[in-house]
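# Coordinate inspection notes
One-letter residues, chain by chain:
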Amino acid sequence: MARKKEFESLTIDSLEYQGNGVARHDGRVIFVEGVLPGEVVDVRVTRRKKGFAFATPTEFHARSPLRQDPFCEHFADCGGCTWQYLPYEEQVANKGAFVAEVMERIGGITEPLPLPILGCDRNTEYRNKLEFSFSPTGWITQSQVDAGVELPHRNALGFHVKGRFNRVVDVSRCFLQREPSNHVRNEARRIAAGLDLSFHDPQTHEGLLRSLTVRTSDDEVMVILCIYEDRPDIAARFLSLLMEAVPEITSAHYVINPTRNDDISPHEVIHVAGTRTITERCGHLRFAIHPKSFYQTNARQAERLYGVVREWIEPEPGDSLLDLYCGIGSIGLYLADLVKEVVGVEYVEAAVEHAILNATTNECGNARFFAGDVRDLIATAGREGAPLPRTELVVLDPPRAGIHPDVVTELIRLAPRQIIYVSCKPSTQARDLKLLSQRYEIRRMQPVDMFPHTFHIENVADLRRRDD
Ligand SMILES: C[S@@+](CC[C@H](N)C(=O)[O-])C[C@H]1O[C@@H](n2cnc3c(N)ncnc32)[C@H](O)[C@@H]1O
């Protein structure tokens, strides 16, 4: 196996939780992308690790009856929506099974079994934010090569090719965001050509246009153009033509980012026309979305996720709630009317500022937010003069890495009556739940699908302190 690069007629036994098919050869595991159980494939190894390897299929000898044709013309090249060849109902069934599997394998948790996963009502046009990249060396697709197409230029506006940061697929139709998202991007490309503007190359660091972000809410559309050089005149002209071509745009901004790094967060956003923010609704709440605001990208499914937390939380009179890793405060604010006080912690200061603003807009006078590391702030919680009070209710929504073991220790010290743990990575959640189960009973778990056609899964766990 050590040197072998190709394997023939491997049978795929199952799927692992990142969506790869699992095959075995001479007692070793080969993870194969883009395949389904029961399929028989020849593969080429792309990456090798001790005892296992990753591979890509080169030939199919047998296909699964479940396999369907991808609905997007860019599927073969684009890095998004990688699971389109499996019907959506099968995707969610597999995601539910993955949660049960990692809970048992990593957390040793066999009970309770996760509740049936909550799938999305809409599995296309579910995102409220997309960032399209400009590139002067767009990807030439296999079908263009096969057809011998002669391209007049290689300027592209779209998404990065799978695993290639410097290659961009020129997207003509994407199914991820509601219209006018496609119209905005296609008009932007036309306007750029009309103005003869150059597209930025991240390798040579030449070219003006870097990215175009489109944010949509129910009835508003925001665009944010990012350019490389200090040319406010061109940015304003470009955006004015774009607004003329797409009258649904309600808010237009640009950012000048002259650095080699794509991150726009350190740079000033310049408002050009329309409103400064757009509004997202989440149940009884309204959030003002600024060009740089973080907000859950699948807003409708976030509402269902928060709905699970709201249904499960069991406040008693006088209870306060700690919302740890609170982002812009959305979960805590969603629960604020049920408790005496909400105290949120988040280490991105801008997010905390937005959380405070959101509390004011939504008239949640009982919410406070602190900027800082959860690990530091929780260490003093409940002590005299400490910013965080001792509470009986805690909601955790950490990043993919999960929570630090010190945070587990402190939670066990504080011993709130109920912890609701929202996770975007069930494998790290399983690890953390195993530690928390020293003092907590896991009462129920609810997987929620936020990102159809991808392998991501959210899982909510409801924990009760055991008083034995
Ligand atoms: C999964 S997001 C949750 C956001 C929010 N609950 C929501 O639903 O929109 C995790 C958040 O934790 C923050 N974060 C990550 N590590 C942190 C830490 N050690 N201390 C405080 N906040 C942290 C991130 O900045 C991010 O906003």
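Rules behind the numbers
The residue numbers shown here count from 1 along each chain, following its written sequence. A pLDDT threshold of at least 70 governs which residues receive local features in this predicted model, and a stricter bar of 80 or more applies before side-chain atom pairs are shown or counted, although totals over entire chains, interfaces and linings include all residues. Helix and strand labels come from DSSP, where a helix needs a run of H or I of at least four residues and a strand needs a run of E of at least two; each type is numbered from the N terminus. In this setup the radius of gyration rests on C-alpha atoms only. A globule is expected at 2.2 Å times the number of residues raised to 0.38. Residue pairs are scored as contacts if the distance between their C-beta atoms, which are placed from the backbone, is within 7 Å. In this analysis, strands are considered paired if DSSP registers two or more bridges between them. Where a domain begins and ends is set by an automatic assignment or by a domain database. Whether a residue is near a molecule or strand depends on its C-beta atom, generated from backbone atoms, being within 6 Å of that molecule or strand. Any residue outside Ala, Val, Leu, Ile, Met, Phe, Trp, Tyr, Cys, Pro, Asp, Glu, Lys and Arg is labelled polar, Gly included; the first ten of those are nonpolar and the last four are charged. Fitted lines through C-alpha atoms serve as axes, helices being fitted only where they are in contact, and the angles separating the N-to-C directions of these axes extend from 0 to 180 degrees. With C-beta atoms placed from the backbone, a residue counts as buried when 20 or more other C-beta atoms lie within 10 Å of its own, as exposed when 12 or fewer do, and as partly exposed for counts between those limits. Roughly parallel means an angle under 35 degrees; roughly antiparallel, over 145; roughly perpendicular, 65 to 115; everything else is oblique. For a crossing to be left-handed, the near helix must be turned anticlockwise from the far one by less than a right angle; the clockwise case is right-handed. By definition here, a helix of n residues has an expected span of 1.5 Å times n minus one. Throughout, the arc means the angular range of directions from the helix axis out to the C-beta atoms. Linking buried Ala, Val, Leu, Ile, Met, Phe, Trp, Tyr and Cys residues through C-beta atoms within 7 Å yields a set, and such a set is a nonpolar core.

## So, the overall build of the chain
Along its length, the chain carries 10 helices and 22 strands. Taking 468 residues into account, the globule formula puts the C-alpha radius of gyration at 23 Å, and the chain, at 24 Å, falls close to it. Projecting the C-alpha coordinates of the chain onto the three principal axes gives extents of approximately 75 × 60 × 35 Å. Residue pairs in contact within the chain that sit at least 24 positions apart in sequence constitute 61% of those at least 6 positions apart.

## What about the sheet that holds strand 6 (residues 52–62)?
Pairing in this open sheet of 6 strands is mixed, and the strands run 1-5-6-4-3-2 from one edge to the other. In this open sheet, the two edge strands, each paired with only one partner strand, are strand 1 (6–11) and strand 2 (14–15). Examined bridge by bridge, strand 1 and strand 5 (residues 40–49) share 4 bridges and lie antiparallel to one another. Within strand 5, the position partnered with leucine 10 by the bridge is valine 41.

## Section: the domain arrangement of the chain
Taken domain by domain, the chain holds domain 1 (6–62), domain 2 (97–122 + 294–465) and domain 3 (129–282). Here the C-alpha centroids of domain 1 and domain 3 sit 37 Å apart.

## So, the site of the ligand
Close to the ligand lie 18 residues, the nearest being Tyr325, Gly327, Tyr347, Val374 and Asp397. Residues belonging to the shell around the ligand are distributed by class as follows: 11 nonpolar, 3 polar and 4 charged.

## Focus: the sheet that holds strand 10 (residues 209–216)
Taken together, 7 strands build an open sheet; the order of strands is 9-8-7-10-11-12-13 and the sheet is mixed. The open sheet has two free edges, formed respectively by strand 9 (164–170) and strand 13 (269–274), since each of these has just one partner strand. Averaged over all adjacent pairs, the angle separating strand axes in this sheet is 30 degrees, with direction ignored. Its contacts with the sheet put helix 4 (residues 232–245) on strand 11 (221–227), strand 12 (251–256) and strand 13, and the angle it makes with strand 11 is roughly 150 degrees.

## Remarks on the pairing of strand 15 (residues 285–289)
Only one face of strand 15 is buried: it carries Leu285, Phe287 and Ile289, and the other face, with Arg286 and Ala288, is open. Strand direction decides the pairing type here: strand 14 (residues 278–282) and strand 15, joined by 5 bridges, are antiparallel. Its bridge partner lying in strand 15, isoleucine 278 is registered against isoleucine 289. In textbook terms, the turn of a hairpin is the stretch between consecutive antiparallel strands, and for strand 14 and strand 15 this stretch comprises 2 residues, one of which, glycine 283, has a positive phi near 55 degrees.

## Remarks on the packing of helix 1 (residues 88–107) against helix 10 (residues 426–436)
Relative placement of two packed helices is described by the angle separating their axes and the distance separating the axes. Where helix 1 meets helix 10, the closest approach of the two axes is 8 Å, and the angle between their N-to-C directions is 45 degrees. As judged from the angle between their axes, helix 1 and helix 10 are oblique. In the packing of helix 1 onto helix 10, the handedness of the crossing is right-handed. Of helix 10, the residues touching helix 1 (which contributes Val99, Val102, Met103, Ile106 and Gly107) are Pro426, Ser427, Ala430, Arg431, Leu433 and Lys434. When the residues that make up the contact of helix 1 with helix 10 are grouped by side-chain class, the tally is 7 nonpolar, 2 polar and 2 charged.

## A word on the packing of helix 9 (residues 405–414) against helix 10
Helix 10 packs onto helix 9 with a crossing angle of 35 degrees between their chain directions and a minimal axis gap of 10 Å. Judged by the sense of rotation from one axis to the other, the crossing of helix 9 with helix 10 is right-handed. Two secondary-structure elements touch here, helix 9 through Pro405, Val408 and Leu411 and helix 10 through Asp432, Leu435 and Leu436. When grouped by side-chain class, the residues that make up the contact of helix 9 with helix 10 number 5 nonpolar, no polar and 1 charged.

## Focus: helix 3 (residues 181–194)
With 14 residues, helix 3 should reach 20 Å at 1.5 Å per residue; the first-to-last C-alpha distance of 20 Å fits that figure. Regarding helix 3, the residues found buried are Ser181, Val184, Arg185, Ala188, Arg189 and Ala192. For helix 3, the angular spread of buried residues about the axis comes to 135 degrees, placing them on one side. Relative to its buried face, helix 3 has exposed residues pointing more than 90 degrees away, namely Ala193 and Gly194. Tucked inside the fold, the buried residues of helix 3 contact strand 7 (129–135), strand 8 (156–161), strand 10, strand 11 and helix 4. Trailing helix 3 by a residue or two, aspartate 196 shows a phi angle of about 60 degrees, which is positive.

## As for the nonpolar core
In terms of nonpolar packing, the biggest core is built from 112 residues, with Val223, Leu225, Leu239, Leu242 and Val395 touching the most fellow members. Per-element accounting of this core gives the leading share, 7 residues, to strand 11. There are two domains that each give this core at least three residues, and those are domain 2 (97–122 + 294–465) and domain 3 (129–282). Not counting the four nearest positions on each side in its chain, leucine 225 is found in contact with Leu212, Ala235, Phe238, Leu239 and Tyr254.

## Side note on the environment of valine 269
Locating valine 269 in the fold gives a position in strand 13. The exposure class of valine 269 is partly exposed, given the 17 C-beta atoms found within 10 Å. It is 10.0 Å that separates the C-alpha atoms of valine 269 and asparagine 257, two residues lying 12 residues apart in sequence. Sequence-distant contacts of valine 269, defined by excluding residues within four places in its chain, comprise Ile224, His253, Val255, Pro291 and Lys292.

## Remarks on the environment of glycine 27
Inspection of the secondary structure puts glycine 27 in the loop between strand 3 (21–25) and strand 4 (28–32). Spatially, the C-alpha atom of glycine 27 lies 35 Å from that of glutamine 142, the residues being 115 residues apart in sequence.

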